[in-house]
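Structural characterization, general
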Amino acid sequence: MGITGWTQAPVTSMWHLPLDPSQQVVRMACDSLEVMVPSIQPMTAWNRPNSLRPSLDAFSGLKVLGEAKQITGDFNAPSTAIGLGTSGALFQRAFYQVQLTRWRLPLGFPLAQEVGAHRSMDGLGSASLLSSSVASVERLEASLSWALSPSVALRVGQESHHWGPGARSLFLDRHMAPAAGARLWLDAGLVQYTHLLLRTRHFNANSDSAEIGWMAAHWAEVQLGGGWTGAVFGAVKWRANDVAFQGRVEPHYIVPLAAFRPREYSLGSADNALIGAQCTWRKRRRRGQWFTSYGQVLFDELLVSKLFEGNQWWGNKWGVLVGAHSTSRSGKWGWLVEGAAVRPWTYSHQSLPLSYTHLHQPLGHPAGGNFVEGRARLRAVVREDWVVRLSALRRMQGRSLGGGESLLSFAAGEMPWTSFSERESDEGHLWLQGANTLVHRLELDVAYPLGERYGAAGLEAFVRAWTRLEAQASPGAWQEPWDAGRLEIGIRQSRVMEERDW
């Protein structure tokens, strides 16, 4: 049995969370060769420092992935996940990986409602109900990357993506369900460029039919010196099926190194594009610890004249995110603080395939729109082996009013898959409009590695306790507030990225 690491496995250096050891491995390897620390995940396989490149084995062997845990609290039931994965390298230029996992999860409201109506679950993958409270979820991740030259790489497959240095991202967030697509990556030394094409699926409520959308996105990141980097982002969504076209891939958006907005207007299809920017500062302190601060801003339609009018025009859709995190020189401890705020109707468009979503979840920040939040995380290694993670979230959000997701009496703009044509008026769209809700989430995760003992990389025993508390200041939201608290004990070999409320 071969042992390796790949997308979203605990030991991989192609995916990493800000406070995990793999993040520090990436940073040290890149900085030692004066290579820009990447903001794009998953990382390119071959166009990286030697210490981060995959082995030359054509077939690494099959690897068993999974998780088994007992849940107590609002549910008293077992939960399991089982899967297989493999990876390998070809001709010292190609790298492939495949990982298929099936989960069996006990659910409560509202996740069971999402599975039943939309055949998906909270960004994990495609799902179906086995009973009123148990779901089966399938998550397939696979990719093939090819280094065309030392500075050009092409990657195709079905994956999640994360563009940014923080826990969350306004552009592409690791919470997204895997989507089929292709990615071009260019390295010009001080500049890195990425061009991405994704196919999105949208299952209609209580129906087996799915609407297909396409998204093109690109990212250019520049090293500015003194630890500073700057990046610009652009994305556009369009329907696969239109009046005169069926299953189209718009060729204008496949051309790299050209802005989407002018092409969009020239095609006569305005208001489907998003633009954004990011600034990051990284510094190594005197004692060797790394410190990173970052900020993102996203615009999804914006008229400066409307801003000055002060009438809260609905089309001024934008979001901001700021944060900082630090890890010690040894990697045994780290902390993160982050805040984000997104205006109502951001990420939403005229129809479902045009929305900035996939499988009933945002491609960007998982909270969608019409919210303000703050989060904090701590990670520490205790007695050399025990890994303790503590995370806290506080989110204020405005919710739509009505008898259900498809029966809204007032659309507040927090759900990107809701058409913006459902707005009541063009003006008067305030922050946190609708039913004001306040969500607190606290989680403690303690893990002990078992991989070296049993020869299985990434295997660990864990205990996780978490609670989610929600309160509404005013009644009438389409979704009733829900509280949950669980204690989970088990063994895991693969861990999808944080954070999901299950």
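Residues numbered from 1 in each chain as written. Predicted model: local features only at pLDDT ≥ 70, side-chain atom pairs only at ≥ 80, totals over all residues. Heavy atoms only, no water.

1. Brief notes about the overall build of the protein chain
Inclusion rule: Here a strand is any run of E in DSSP of at least two residues, a helix any run of H or I of at least four, and the numbering for each starts at the N terminus. The reference for a compact globule is 2.2 Å times residues^0.38; the radius of gyration itself is calculated from the C-alpha atoms. Working definition: with a 1.4 Å probe on protein chains only, accessible area under 20% of the residue-type maximum means buried, over 50% means exposed, and in between means partly exposed.
Summing up its helical and strand segments, the protein chain has five helices and 25 strands in all. Here the C-alpha radius of gyration of the protein chain, 22 Å, is about what a compact globule of 502 residues would show, namely 23 Å. Across its three principal axes, the protein chain shows a C-alpha extent of roughly 60 × 55 × 50 Å. Across the 502 residues of the protein chain, 55% fall into the buried class.

2. What to know about helix H1 (residues 21-32)
Residues separated by three or four positions in an α-helix point in the same direction, a consequence of the helix having 3.6 residues per turn. Heads up, the rule is: What a helix is expected to span follows from its residue count: subtract one and scale by 1.5 Å. Note on definitions: a residue-residue contact is assigned when non-hydrogen atoms from the two residues lie within 4.5 Å.
Taking 1.5 Å per residue, twelve residues should reach 16 Å; H1 reaches 17 Å between its end C-alpha atoms and fits that length. Listing the buried residues of H1 in full gives Ser-22, Gln-23, Gln-24, Val-26, Arg-27, Ala-29 and Cys-30. Check the buried side of H1 and you find it contacts strand S13 (273-284), strand S14 (290-299) and strand S15 (318-327). One or two positions beyond H1, positive phi appears at Glu-34, with a value near 55°.

3. Examining the nonpolar core
Let me state the cut-off plainly: Buried Ala, Val, Leu, Ile, Met, Phe, Trp, Tyr and Cys residues form a nonpolar core when they are joined through side-chain atoms within 4.5 Å.
Membership of the largest hydrophobic core comes to 29 residues, with the highest contact counts inside it found for Trp-163, Leu-172, Met-215, Phe-233 and Tyr-356. Of all elements in the fold, only strand S10 (191-203), strand S11 (210-225), strand S12 (228-239), S14 and strand S16 (333-342) reach the threshold of two or more residues within this core. Contact partners of Leu-172, with chain neighbours within four places excluded, come to His-161, His-162, Trp-163, Leu-196, Met-215, Tyr-356 and Leu-363.

4. Section: the side chain of Arg-377
Within the element layout of this structure, Arg-377 appears in strand S19 (residues 371-382). By relative accessible area, Arg-377 is classed as buried at 8%. For Arg-377, the contacting residues outside a window of four places in its chain are Leu-19, Ala-167, Arg-168, Gly-334, Trp-335, Leu-336, Leu-390, Ser-391, Glu-498 and Glu-499.

5. A short note on helix H2 (residues 111-118)
Of all eight residues making up H2, six are buried, and the element is well covered by its neighbours. Within the sequence span of H2, burial applies to Leu-111, Ala-112, Glu-114, Val-115, Ala-117 and His-118. Next to the buried residues of H2 lie strand S5 (126-129), strand S6 (134-149), S10 and strand S18 (361-362). Backbone geometry just after H2 places Arg-119 at a positive phi near 55°.

6. Concerning the pairing of S10
Just so we agree on the cut-off: At least two bridges found by DSSP between two strands is the condition for calling them paired.
Most of S10 is tucked away: ten of the 13 residues are buried. In this structure, strand S9 (residues 179-187) lies alongside S10, joined through eight bridges in antiparallel fashion. Bridge pairing in S10 links Ala-180 to Arg-199. In this sheet, S11 lies alongside S10 in antiparallel orientation, the contact comprising 13 bridges.

7. What to know about the packing of aromatic side chains
For the record, the criterion: Stacked, tilted and edge-to-face pairs are distinguished by plane angle, under 30 degrees for stacked and over 60 for edge-to-face with tilted covering the rest, among Phe, Tyr and Trp rings (Trp via its six-membered ring) whose centres lie within 6.5 Å. Charges are assigned to positions over rings by a cutoff of 6 Å between ring centre and Lys NZ or Arg CZ, combined with an angular limit of 35 degrees from the ring normal.
A complete count under the given rule lists 15 aromatic pairs for this structure. Here Trp-386 and Tyr-448 contribute two aromatic rings whose centre-to-centre distance is 4.9 Å and whose plane-to-plane angle is 45°, an arrangement assigned as tilted. Residue Trp-386 is found in strand S20 (residues 386-399), and its partner Tyr-448 is found in strand S23 (residues 435-449); the two are separated by 62 residues along the sequence. Taking relative accessible area as the criterion, Tyr-448 reaches 22% and is therefore assigned partly exposed. Each member of the aromatic cluster is reached from another via a ring pair, and the members are Trp-163, Phe-171, Trp-219 and Phe-233. Here Arg-395 stacks its cationic end above the ring of Phe-371, 5.9 Å away from the centre of that ring. Directly above the ring of Trp-314 sits Arg-423, whose terminal nitrogen or CZ lies 3.8 Å from the centroid.

8. Side note on empty space enclosed by the protein
To be explicit about the condition: Here a cavity denotes grid points, spaced 1 Å and computed from the protein atoms alone, that fit a 1.4 Å probe unable to get out, and a pocket denotes an open set having protein on both sides within 12 Å along at least 5 of 7 lines; residues with an atom within 4 Å of a point are the lining. Grid points are joined across faces, edges and corners, and a volume is the space filled by probe spheres set on the points.
Taken as a whole, this structure holds eleven cavities of 30 Å³ or more when the rule is applied. When its volume is computed, the second largest cavity comes out at roughly 180 Å³. Forming the walls of the second largest cavity are 16 residues, and the residues nearest its centre are Arg-377, Leu-378, Arg-389, Ser-391 and Glu-498. Only S19, S20 and S23 provide two or more residues apiece to the lining of the second largest cavity.

9. Structural notes on a nonpolar patch on the surface
Formally: Patches here: salt-bridge-free residues with over 30% relative accessible area, like charges joined within 9 Å, nonpolar side chains (Val, Leu, Ile, Met, Phe, Trp, Tyr) joined within 5 Å. Only the protein chains shown count as covering a residue, and every accessible area follows the Shrake-Rupley method with a 1.4 Å probe. Here, a salt bridge means any side-chain nitrogen of Lys or Arg that lies within 4 Å of a carboxyl oxygen of Asp or Glu.
Taken together, the side chains of Leu-90, Phe-91, Leu-144, Trp-146, Leu-148, Leu-154 and Val-156 define a hydrophobic patch exposed on the protein surface, amounting to about 630 Å² of accessible area. When residues of the nonpolar patch are traced back to their parent elements, those giving at least two are S6 and strand S7 (152-159). If one sorts the elements of the nonpolar patch by residue count, S6 sits on top with three residues. Looking at the element boundaries, Leu-144 is found in strand S6.

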